[in-house]
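# Structural features, examined
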Amino acid sequence: MPEASDPPPQHPHLATLRRLEQSSGKLAAAAIARMDEQLPWYRAMPPENRSWIGLVAQAGIAAFTEWFRHPETPQAISTDVFGTAPRELTRAITLRQTVEMVRTTIEVVEAAIDEVAAPGDEAVLREALLVYAREIAFATAQVYAQAAEARGAWDARLESLVVNAVLSGEADEGAVSRAAALGWNSPEHVAVVLGTAPDGDSELTVEAIRRASRQAKLQVLTGVLGSRLVVIAGGSDDPLKAAKSLIGPFAAGPVVAGPVVGDLLAATRSAQAAMAGLKACAAWPDAPRPVLADDLLPERAMAGDPVARELLVEEIYRPLEEAGSALLETLSVYLEQASSLEGAARMLFVHPNTVRYRLRRVTDVTGWSPSDVRSAFTLRVALILGRLADFGGQP
């Protein structure tokens, strides 16, 4: 009674099949030896990785034998060959290295055809190897494509966790580690850019942000959270410039860039400023696009942002107060007099040039120019909040 492993009696090339089965171990050893001789990356690998590759080479030759046994039956080559250690293989070696490994193994088998094939079967075995080589190439591409898809899905989830942690104020060393796993190299300058996400596939939006970041030479962590498109941009000390380079994929509407911070852990501060700015943008219909969150300080303060109120007091009112009462008084009168130099001079009983000089000092101290309409509005709100703070009210 024939054993289950015996080929059917009608197999047209039984002698060649038996010789192929008997030679499979020898062929696998020869393939591994040639890889060790010709492929430097193989020699440099740790023993464990080389053992995986040896298993794959053996499985490949065994699969070819099975292919030759049943040429009429479709073979699941990717499972037969790469099923030994698919995840380890795709992590241990690159696609290019896998192609070199497969090519080396095929070359070893091809070189042995005259020895392995029964007399008269050389052309048949060579043709079978050619077809098998094509199928193994497709199987290799499939394995790496599946691994890439799995990695992409995992990376997207990981990136979403990091972005959400920054927005929610829960960024910690764990978030930094996850970001590092995504290729984030801890740039010195980090800013968060917020806006509305476009309709449609969020993956396409994320990929568009990545393309824009590569052109701008920025590192990014990005994601679509609800209706918001969030970009954590690293590598630029100019948040407005970074936002302009990334603005293309955003939907219509305001886009707000938070202030630059030193690292990913501090990015929550930038994100909170950007979120407050996005909320307050409705109060400034003519705001530029993109706009800095710090340019929206008065709107943010009136919308109830305590950080904006504190900044206006500490960065505008207090420095003016410390510079002397003349600057505060002159600025207040100038604003009350509808930004009239002459009117302010009359109210203060000084020469207009004195008012002009003091206003220049205000600009030097605060960075905001009283003669600019927008800056004057910011200064006025800062004065109001500072006075409230001085008299025990909430700044």
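See above for the structure.
Here's a quick rundown of the structure. Computed from a predicted structure; not experimentally measured. (Residues numbered from 1 in each chain as written. Predicted model: local features only at pLDDT ≥ 70, side-chain atom pairs only at ≥ 80, totals over all residues. Heavy atoms only, no water.)

## Details of helix α10 (residues 202–216)
Structurally, the α-helix is built with 3.6 residues per turn, so residues lying three or four positions apart point the same way. Using the following cut-off: Where helices and strands are cited, they refer to DSSP runs of H or I of at least four residues and of E of at least two residues respectively, numbered from the N terminus. One less than the residue count of a helix, multiplied by 1.5 Å, gives the span that helix is expected to have. Exposed residues in this analysis have more than 50% of their type's maximum accessible area, buried residues have under 20%, and partly exposed residues fall in between, with area computed by a 1.4 Å probe over protein chains only. What the arc describes is the spread of directions from the helix axis to the C-beta atoms. For this analysis, a polar contact is any N or O atom pair within 3.5 Å, provided that within protein one partner can donate a hydrogen and the other can accept it, and provided that sequence-adjacent residues contribute only side-chain to side-chain pairs.
Compared with the 21 Å implied by 1.5 Å per residue over 15 residues, the 21 Å span of α10 between its first and last C-alpha is a close match. Of all the positions in α10, only Thr205, Val206, Ala208, Ile209, Ala212 and Ser213 are classed as buried. The arc enclosing the buried residues of α10, seen along the axis, measures out at 160°, which places them on a common side. When the buried face of α10 is taken as reference, the exposed residues oriented beyond 90 degrees from it are Glu203, Leu204, Arg214 and Gln215. Capping the start of α10, Asp201 holds a side-chain oxygen 2.9 Å from the backbone nitrogen of Glu203, two or three residues further along.

## Overview of the pattern of salt bridges
The line we're drawing: The term salt bridge refers to a pairing of a side-chain nitrogen on Lys or Arg with a carboxyl oxygen on Asp or Glu at a separation within 4 Å.
For the structure shown, the criterion picks out twelve salt bridges. A salt bridge links Arg69 to Glu21; the shortest N-O distance between them is 2.3 Å. Taken as a pair, Arg69 in helix α3 (residues 47–69) and Glu21 in helix α1 (residues 14–38) lie far apart in primary sequence, 48 residues in all. The exposure class assigned to Arg69 is buried, which follows from its relative accessible area of 12%. Two residues, Glu207 and Arg214, come together in a salt bridge whose shortest N-O distance is 3.4 Å. Looking at Glu207, the relative accessible area reads 33%, which means it is partly exposed. Among the residues examined, Arg214 registers a relative accessible area of 51% and is labelled exposed. Salt bridges sharing partners connect three or more residues here, namely Glu21, Glu66 and Arg69.

## Observations regarding the packing of aromatic side chains
What counts here: The pairing test for Phe, Tyr and Trp rings, Trp by its six-membered ring, is centres within 6.5 Å, and the orientation test on the planes gives stacked under 30 degrees, edge-to-face over 60, and tilted for anything in between.
Taken as a whole and assessed by the stated rule, the structure comprises two aromatic pairs. Between Trp41 and Tyr42 the ring centres are 6.3 Å apart and the planes differ by 85°, which places this aromatic pair in the edge-to-face class. In this structure Tyr42 comes out as buried when scored by relative accessible area, which is 5%. Ring centres 5.2 Å apart and planes at 55° place the aromatic pair Phe64 and Tyr132 in the tilted group. Of this pair, Phe64 sits in helix α3 while Tyr132 sits in helix α8 (residues 122–168); the two residues are 68 residues apart in sequence, bridging distant segments of the chain.

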